[in-house]
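# Residue-level structure breakdown
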Amino acid sequence: MSAAPGSPVAPAAPASFSASRHRWGRWLGALFGIAVLALLAWAGRKIEWPEVIAALRGMPVDVLVGAAALCVLSHLIYSGYDLIGKRWTGHRVPTRRVMLITFISYAFNLNLGSLVGAVAMRLRLYAREGLAQPVPTQILALSMASNWLGYGVLAGGLFLLGELSPPADWQVGAAALRGLGALMWVLVGGYLALCAFATRREATLRGHEFFLPSFRLALMQLVISSANWLTMGAVLWVLLRQGATYPETLAVLLVAAVAGVVTHVPAGLGVLEAVFVGLLGPTLGPGKVLAALIAYRALYYLAPLMVATGAYFVLEAKARR
């Protein structure tokens, strides 16, 4: 469900209440981030860095090539996210240009955060293509909904099946994870049901208008997002050289993804490493896990950013001419 901009603004909450809620949110996010980084620092003291370097140097070329190919596939899949928005809004920006814009914004999003990549970069590039509001914001909202729709399906299923075994010192037990998985499936099922059976395709919540896509578009959202998350998990599974099962690797990635969002750390720097070392380090060894993550960041984050930066400046130069 995507929000349409330009809708009437809801009455503002009292300033003191809004400010207090904002402060509490920032404090909670900061505390969670400190906890995660402390976990990484604790794990880092047990890591033999020469072992990490040796693991990186000893990584087979065919493993790196296979992981790189999967990275290309994942970015290609994600570049199709905004094609759903193109179909929904009916705008006339060429398909190849839409995919390029999505790729650029995704690469910046991964490395610099969602405000820079997913929001600012996307809206600027679509404005360069002549799209007026509310179309770019509708595309952005639908793309973000697509991403978390696939996440909910996969994470919910893995948690329900018990593919992630939390450590004994975790506050969240296996039963709680299964309950969380069931909740995710209920939310995804509710969204699909609304898209399939709702008689009204729009609603107003607190002064903001929301529009439902068709059931067919919702299924497209689900398929393309699930395919992207599955491919990302496959990248890490290959780099870990199948040391953990694929479902377990994917489950850890999904946990790390939401932890990075909660902490607001750009690129999830330190968060991804803390989660993987904490969950897979005891069985695979911290050195092997960190070596795989370093290769993952180089292939999935930094290499696409270099390509996206060049593509962005090319688009800017063409727009100025």
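In this text, all values refer to a predicted model and were calculated from it rather than measured experimentally. (Residues numbered from 1 in each chain as written. Predicted model: local features only at pLDDT ≥ 70, side-chain atom pairs only at ≥ 80, totals over all residues. Heavy atoms only, no water.)

## Thoughts on the overall build of the chain
- Helices and strands together make up the secondary structure of the chain, namely 12 helices and three strands.
- Here the chain holds 321 residues, and the buried ones make up 44% of them.
- A fraction of 71% describes how many contacts in the chain between residues 6 or more apart in sequence connect residues 24 or more apart.
- Carbon and sulfur atoms make up 69% of the accessible area of the chain, which totals about 16400 Å². (Helix = DSSP H or I, 4+ residues; strand = E, 2+ residues; numbered from the N terminus. Buried < 20%, exposed > 50% of the residue type's maximum accessible area, 1.4 Å probe, protein only. Contact = heavy atoms within 4.5 Å. Areas by Shrake-Rupley, 256 points an atom, 1.4 Å probe, with all protein chains shown as cover.)

## Points about the packing of helix 4 (residues 81-89) against helix 5 (residues 95-112)
- Across the interface, helix 4 lies against helix 5 with an axial gap of 8 Å and an inter-helix angle of 135 degrees. Comparing the axis directions of helix 4 and helix 5 gives the class oblique. In this structure, helix 4 crosses over helix 5, and the sense of that crossing is right-handed. Residues Tyr 81, Asp 82, Leu 83 and Lys 86 of helix 4 form the contact with helix 5, whose participating residues are Thr 95, Val 98, Met 99 and Thr 102. (Axes fitted to C-alpha atoms, helices over the stretch in contact; angles between N-to-C directions. Parallel < 35°, antiparallel > 145°, perpendicular 65-115°, else oblique. Left-handed = near helix turned anticlockwise from the far one by under 90°.)

## Examining the nonpolar core
- Ranked by size, the top nonpolar core spans 56 residues in total, and within it Leu 239, Phe 276 and Tyr 296 carry the most contacts.
- Ranked by the residues each element gives to this core, the list is headed by helix 12 (residues 286-320), at nine residues.
- When near neighbours in sequence (up to four residues on either side) are disregarded, Phe 276 contacts Leu 236, Leu 240, Thr 249, Val 252, Leu 253, Ala 256, Gly 281, Val 289 and Leu 293.
- In this structure, Ile 104, Ala 107, Ile 139 and Tyr 312 belong to the second largest nonpolar core, which totals 17 residues. (Core = buried A, V, L, I, M, F, W, Y, C linked by side-chain atoms within 4.5 Å.)

## Topic: the pattern of salt bridges
- For the coordinates displayed, the defined rule picks out five salt bridges.
- The shortest N-O distance in the salt bridge between Asp 82 and Arg 122 comes to 2.9 Å. Pair noted here: Asp 82 is in helix 4 and Arg 122 is in helix 6 (residues 115-128), with a separation of 40 residues, a long-range link. Side by side, Asp 82 and Arg 122 carry an identical accessibility label, which is buried.
- In this structure, Arg 128 engages Glu 316 in a salt bridge whose closest nitrogen and oxygen atoms are separated by 2.7 Å. Placement of the pair is Arg 128 in helix 6 and Glu 316 in helix 12, with a sequence separation of 188 residues.
- Judged by its relative accessible area of 4%, Glu 316 falls in the buried class.
- One continuous salt-bridge network, built from bridges that share partners, spans Arg 124, Arg 128 and Glu 316. (Salt bridge = Lys/Arg side-chain N within 4 Å of Asp/Glu carboxyl O.)

## Things to note about unusual backbone geometry
- In this structure, the amide linkage connecting Gln 133 to the following residue, Pro 134, adopts the cis form with an omega of 15 degrees.
- Turning to its location among the elements, Pro 134 is positioned in the loop between helix 6 and helix 7 (135-160).
- Backbone geometry at Arg 241 places phi at a positive 55 degrees, although glycine is not the residue there.
- On the accessibility criterion, Arg 241 (31% relative accessible area) is partly exposed.

## Here's the deal with the confidence of the model for the chain
- Residue-level pLDDT values for the chain average 81, and 79% of them are 70 or greater.
- In the model of the chain, strand 1 (residues 2-4) stands out as the element of lowest mean pLDDT, 40, in contrast to helix 3 (residues 61-78), which has the highest, 96.
- Predicted confidence for residues 1-22 stays below pLDDT 50, and this span has 35 contacts to residues more than four positions away or in other chains. (pLDDT = per-residue confidence, 0-100.)

## A word on a nonpolar patch on the surface
- A cluster of nonpolar side chains, contributed by Trp 148, Val 258, Val 261 and Val 262, occupies part of the molecular surface with about 310 Å² of accessible area.
- Per-element tally for the nonpolar patch: the top contributor is helix 10 (residues 246-263), with three residues.
- Assignment of secondary structure puts Val 258 in helix 10.
- Given a relative accessible area of 34%, Val 258 falls into the partly exposed group. (Patch = residues over 30% accessible without salt bridge, like charges linked within 9 Å, V, L, I, M, F, W, Y side chains within 5 Å.)

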